[in-house]
Amino acid sequence: MNQIIERMRNDGYPYKIKGNGGHMAVLYDMQPLNGGDYMAIYRYPGGECCHDLLEIQRHCEVIEQ
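Note that this is a predicted model, so its numbers are computed, not measured.

Conventions we followed
Residue positions are given per chain, counted from 1 along the sequence in the order it is written. With the structure being a predicted model, the display of local features is reserved for residues of pLDDT at least 70 and the display and counting of side-chain atom pairs for 80 or more, all residues being used for whole-chain, interface and lining totals. To obtain the side-chain values, all non-hydrogen atoms of the structure were used and water was disregarded. Under the pairing criterion, centres of Phe, Tyr and Trp rings, with the six-membered ring standing for Trp, must be within 6.5 Å; the plane angle then separates stacked pairs below 30 degrees from edge-to-face pairs above 60, leaving the rest tilted. By definition, being over a ring means that NZ of Lys or CZ of Arg is both within 6 Å of the ring centre and within 35 degrees of the ring normal. Here a strand pair is declared whenever DSSP counts at least two bridges between the two strands. Secondary structure counts use DSSP, requiring at least four H or I residues in a row for a helix and at least two E residues in a row for a strand, with both numbered from the N terminus. Geometry is summarised by axes, namely lines fitted to C-alpha atoms with helices restricted to the contacting stretch, and by angles between N-to-C directions that run from 0 to 180 degrees. What makes two residues a contact is simply this: any of their non-hydrogen atoms within 4.5 Å. Note on definitions: salt bridges are taken to be side-chain nitrogens of Lys or Arg within 4 Å of carboxyl oxygens of Asp or Glu. Any residue under 20% of the maximum accessible area for its type is buried, any over 50% is exposed, and the rest in between are partly exposed; the area is computed with a 1.4 Å probe on protein chains only.

Caption draft 1: Local environment of the packing of aromatic side chains. Scanning all chains against the criterion turns up one aromatic pair. It is Arg43 that lies over the ring of Tyr28; its NZ or CZ is 3.9 Å from the centre.

Right under this line is the structure:
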């Protein structure tokens, strides 16, 4: 696993989630934001989607931390 994914997992982002209508997704990369913050990019069967940690905690099922 690459260093970016490991850093994101250490920051609390889960590796696998079920979201966006019950579809499985895997942590793929990060989307940099202003001020040094970032959002996670998850790969779904139909493409990629950005999620922040709060959104994941409220609306997604964590499959693998």
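Caption draft 2: Representation of the sheet that holds strand 1 (residues 16–19) in the model. Read from one edge to the other, the open sheet built from five strands follows the order 4-3-2-1-5, with strand pairing classed as antiparallel. Two strands lie at the open edges of the sheet, namely strand 4 (47–51) and strand 5 (61–64), each paired on one side alone. Each adjacent strand pair in this sheet contributes to an overall mean axis angle of 40°, direction not counted. For strand 1 and strand 5, the ladder comprises three bridges, and the chain directions are antiparallel. Paired with Lys18 across the two strands is Glu61, which belongs to strand 5. Packed onto the sheet, helix 1 (residues 3–10) meets strand 2 (23–32), strand 3 (38–44) and strand 5 and runs at close to 105° relative to strand 2.

Caption draft 3: Structural context of the pattern of salt bridges. Per the stated rule, a full pass over the model turns up three salt bridges. Between Asp11 and Arg7 there is a salt bridge; the shortest N-O distance is 3.7 Å. On the accessibility criterion, Asp11 (40% relative accessible area) is partly exposed. Where Glu61 meets Lys18, a salt bridge forms, and the shortest distance between an N and an O atom there is 3.9 Å. On the criterion of sequence distance, the pair formed by Glu61 in strand 5 and Lys18 in strand 1 is long-range, its members being 43 residues apart. Overall, Glu61 belongs to the partly exposed group, its relative accessible area being 43%.

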